[in-house]
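Examination of the molecular architecture
Now for the letters of each chain:
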2 protein chains.
Amino acid sequence: MSEQLGLGRRYMATVGELGERALIELMLRHFTPMPGMPVPFWDDVMAISLGDGRAAVLNTDMLVWKTDIPQGMTYYQAARKAVVMNFSDLGAKGVRPQAFLASLGIPRDLTARAVEEMARGFEAGARKYGGYIIGGDTNEAADIIISGVAYGVIDENKIVKRESAKPGDILATTGLFGDTTAAFKILLEGYQAPRRLRDSLLESVYMPTARIEEGVALSESGSISASIDSSDGLAISLHDLHRSSGVGFRVETLPISPRAKAFAELHNLNPGDLALYGGEEYELVFTLKPNQLEAANDALKSVGCELIELGITLADPRIVLVEEGVEKPIGKGGWEHFKTGEHL
Amino acid sequence: MSEQLGLGRRYMATVGELGERALIELMLRHFTPMPGMPVPFWDDVMAISLGDGRAAVLNTDMLVWKTDIPQGMTYYQAARKAVVMNFSDLGAKGVRPQAFLASLGIPRDLTARAVEEMARGFEAGARKYGGYIIGGDTNEAADIIISGVAYGVIDENKIVKRESAKPGDILATTGLFGDTTAAFKILLEGYQAPRRLRDSLLESVYMPTARIEEGVALSESGSISASIDSSDGLAISLHDLHRSSGVGFRVETLPISPRAKAFAELHNLNPGDLALYGGEEYELVFTLKPNQLEAANDALKSVGCELIELGITLADPRIVLVEEGVEKPIGKGGWEHFKTGEHL
């Protein structure tokens, strides 16, 4: 009887009550896994073996105008971002994106000009990273929907998964965090900032960039053990790496952008929170054996990027930030669909 | 000045005024074509060369609940159909679908049970044709959006394109038409039918099937010159084959389903119109040299299907139906997004 009640409660629960991750777990139970999948579920991308040592790698991500597009973002920028965010997941696995497909939902009363601006945004996003728009699909919808698909090919043994982080590995990243969190505070919560600071913060949201060359260079160097793209925020990225590989993390240095620091100072916010609990940043968060540090550094330098050490990978599952010698737990705050209450 | 006016008018035009095809044309002008694309724009699928004689083949199609899901269709059926319609385009090119990705837009207040039913529908659609659900993405949206991606691999020289129909080729198909058109008249226009007829007509819309084995067998036999899936309706499919290959068609026999005939008789409708101007049927419409008729027939028989001759391919661009010795033009009626006024 109690089991029946439990089942009933789960079935009647809404998507909003469950949240995105529980929802995906529920769906996955119904899928027969493809034999020989080169990448397990719960990684950044999907992959299919090509039978000759290579894998075709795919990723799909949707932008829904009403939910995902902040005020002030243009059609061009939204379409460009759809490419960047889909390509970013491939880059995090070491895969160079070759092609992008755009499946669009469009309201009848949208102007042709708006659609042309989106076309220019797709093209700009794809060409920036050497990829091509190879087609898509248009559909009538009440809201603008941009569902993108990124495609690339890689040697199976060069795919950098989430699951292979090992205790003792160095935890590192490709850039500084906090700008987008500050920008969303301006856009969604009415925070103010001087014009120039405001503009450069908003730019991080309107014109994001992905770490494609960086991911490919790291993968080709063979120097890193695991990787994830930070688009759900730094904190969630660490929890996701933990989920897939079982390890924990001790973060010793938070790479906070100077702009986020300035914004935090203005509003008496904790700059570390801005860096940890944001999202829509497309940095790579990765792990590597200490003896690979120079190789990974060289790989990133060869494409004009600096490796930033964050901390160390732990055998036990705690995920903590060390501040003045004291460990503080890093929560799961950050971007999750349906669970907007969890946002910073 | 007049040109400026023209430009202004085009820019201010809405998507609803332009229609889907004009809209896609507008977008394509902004895309750099990928070098060596194995399939041109305006075919059923997109393809990327794998560099070893094979191509990765992709298709993406979106279902928007409010616009695309008829009354009475369940979550299970809608999800299953999303797979069938995406796989069908691959089948029409001779490609066996291996994998499906589901990108979902979901309202917060949808029940978890509904999402589980969709998961079961995805699984059923994929497994029916030997494919696997390899992942996807969930997003918050005001309406249910199912954006699907189908993936498969084929030898490049086995891809059956739209552009290669030749004058003198026989025009043929894999099945009978008209059921879905009748079903949409019941669902959207309030037409009546006796219970048993009604149920079997609605089944054609709720539980469509794709011609995957048929397409693969035809491609492997090397017996056909061009092919398209009939999901936009038989008439539009002929116009699309014309658009890509330049040829025209003389249809001498319309393959009308007995159920569509019975429905037409009940309501004093033209059964030929039901067969021509419908959509959401997933037959293959293809062309072949007359001396390949036996080979194509054998290929289809080997997978339990019958080849149905429709007519002949013409050098000039007319697309006509011969009735009692008189040629009547076949119009462009059928399914096009945004242009619902063009529907039958």
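Residues numbered from 1 in each chain as written. Chains lettered and ligands numbered in written order. Predicted model: local features only at pLDDT ≥ 70, side-chain atom pairs only at ≥ 80, totals over all residues.

This brings us to the overall build of chain A. Each helix and strand in chain A was counted, giving 13 helices and 12 strands. Over its C-alpha trace chain A gives a radius of gyration of 20 Å, about what one expects of a compact globule, namely 20 Å for 344 residues. Classification of the 344 residues of chain A by burial places 56% in the buried group. (Helix = DSSP H or I, 4+ residues; strand = E, 2+ residues; numbered from the N terminus. Rg over C-alpha atoms; globule rule 2.2 N^0.38 Å. Buried ≥ 20, exposed ≤ 12 C-beta atoms within 10 Å, placed from the backbone.)

Across the contact, 67 residues belong to chain A and 67 residues belong to chain B. With nine residues, strand β4 (residues 132-140) of chain A is the single largest residue contributor to the side of chain A that touches chain B. (Contact = placed C-beta atoms within 7 Å.)

When two helices pack together, their arrangement is given by the angle between the helix axes and the distance between those axes. All names here are of chain A. Relative orientation of the contacting elements helix α5 (residues 75-92) and helix α6 (residues 112-128) amounts to 35°, with a least axis distance of 7 Å. Here α5 runs over α6; the crossing is right-handed. On α6, the residues touching Tyr75, Tyr76, Gln77, Ala78, Ala79, Arg80, Val83 and Val84 of α5 are Ala114, Glu117, Met118, Arg120, Gly121, Phe122, Ala124, Gly125 and Ala126. Among the residues forming the contact of α5 with α6, the class breakdown is 11 nonpolar, three polar and three charged. (Axes fitted to C-alpha atoms, helices over the stretch in contact; angles between N-to-C directions. Left-handed = near helix turned anticlockwise from the far one by under 90°. Nonpolar A, V, L, I, M, F, W, Y, C, P; charged D, E, K, R; others polar.)

All names here are of chain B. Taken together, five strands build an open sheet; the order of strands is β1-β2-β5-β3-β4 and the sheet is mixed. Edge positions in the sheet fall to β1 (46-49) and β4 (132-140), since each has one partner strand and no second. Within this sheet the neighbouring strands show an average axis-to-axis angle of 20°, counted without direction. Taken together, the eight bridges between strand β3 (residues 97-106) and strand β5 (residues 145-155) define a ladder with antiparallel strand orientation. Paired with Pro97 across the strands is Gly152, a residue of β5. (Pairing = 2+ DSSP bridges.)

With that settled, the discussion passes to helix α11 (residues 258-267) of chain B. Residues and elements named next belong to chain B. For α11, the full list of buried residues reads Arg259, Ala260, Phe263 and Ala264. The arc enclosing the buried residues of α11, seen along the axis, measures out at 135°, which places them on a common side. Every exposed residue of α11 that faces more than 90 degrees away from the buried side is listed here: Pro258 and Glu265. Buried residues belonging to α11 abut α7 (179-189), α8 (195-206) and α12 (271-276). Backbone geometry just after α11 places Asn268 at a positive phi near 55°. (Arc of directions from axis to C-beta.)

A:Leu58 and B:Leu58 are the most contacted members of the largest nonpolar core, which has 216 residues in total. In this structure A:Leu58 touches A:Val45, A:Met46, A:Val149, A:Ala150, A:Tyr151, B:Leu101, B:Val149 and B:Tyr151, once residues within four positions along its chain are discounted. (Core = buried A, V, L, I, M, F, W, Y, C linked by C-beta atoms within 7 Å.)

With that settled, consider the packing of helix α8 (residues 195-206) of chain A against helix α11 (residues 258-267) of chain A. Residue and element names in this part refer to chain A. Remark: α8 packs on α11, axes separated minimally by 10 Å, with the N-to-C direction vectors making an angle of 125°. By the angle between their axes, α8 is oblique relative to α11. Here α8 runs over α11; the crossing is left-handed. Residues Leu197, Ser200 and Leu201 of α8 form the contact with α11, whose participating residues are Arg259, Ala262 and Phe263. Here the contact of α8 with α11 is built from residues that sort into four nonpolar, one polar and one charged. (Parallel < 35°, antiparallel > 145°, perpendicular 65-115°, else oblique.)

Quick look at the relation of the copies chain A and chain B now. Related by rotation about an axis and a shift along that axis, the two copies of the chain form a pair. Superposing chain A onto chain B takes a rotation of 180° plus a shift of 0.0 Å along the axis, which leaves an RMSD of 0.0 Å. The operation mapping one copy onto its partner corresponds to a two-fold rotation axis. Of every C-alpha in chain A, the one belonging to A:Ser147 sits nearest the axis of rotation, 3.4 Å from it. Here 100% of the contact residues of chain A are again contact residues in chain B; the copies associate through an equivalent surface. (Least-squares fit on C-alpha atoms with pLDDT ≥ 70 in both.)

With that settled, consider the domain arrangement of chain A. Domain annotation of chain A identifies domain 1 (1-31), domain 2 (36-158) and domain 3 (170-342). In this structure, domain 1 of chain A and domain 2 of chain A have C-alpha centres spaced 29 Å apart. (Domains from an automatic or database assignment.)

Another point: the pairing of β4(A). Burial analysis of β4(A) places nine of its nine residues in the buried class, which makes it a mostly covered element. Between the parallel elements strand β3 (residues 97-106) of chain A and β4(A), the chain passes through α6(A) in a crossover that is right-handed. (Right-handed = clockwise from strand over helix to strand, strands pointing away.)

An α-helical turn contains 3.6 residues, so any two residues separated by three or four positions project in the same direction. All names here are of chain B. Within helix α9 (residues 212-221), seven of the 10 residues are buried, leaving the element largely enclosed by the surrounding structure. Buried within α9 we find Ile212, Glu214, Gly215, Val216, Ala217, Leu218 and Ser219. If you follow the buried residues of α9, they end up packed against α5 (75-92), β3, β7 (226-229), β9 (284-288) and α13 (293-301).

A few words on unusual backbone geometry. All names here are of chain A. With phi around 55°, Asn268 is a residue other than glycine that occupies positive phi space. Residue position: Asn268 is located in the loop between α11 and α12 (271-276). Look at Asn268 and you get exposed, because 6 C-beta atoms sit within 10 Å.

This part is about the sheet that holds strand β8 (residues 248-251) of chain B. Residue and element names in this part refer to chain B. Spatially, seven strands are ordered β7-β9-β6-β10-β8-β11-β12 in an open sheet, and the strand pairing comes out mixed. Pairing within the sheet leaves two strands with one partner each, and these edge strands are β7 and β12 (326-329). The sheet shows a mean angle of 25° between the axes of neighbouring strands, direction not considered. Two strands pair when backbone bridges link them, and strand β11 (residues 319-323) and β12 are joined in this way by four bridges, in the antiparallel orientation. Across the sheet, Leu321 pairs through a bridge with Lys328, a residue of β12.

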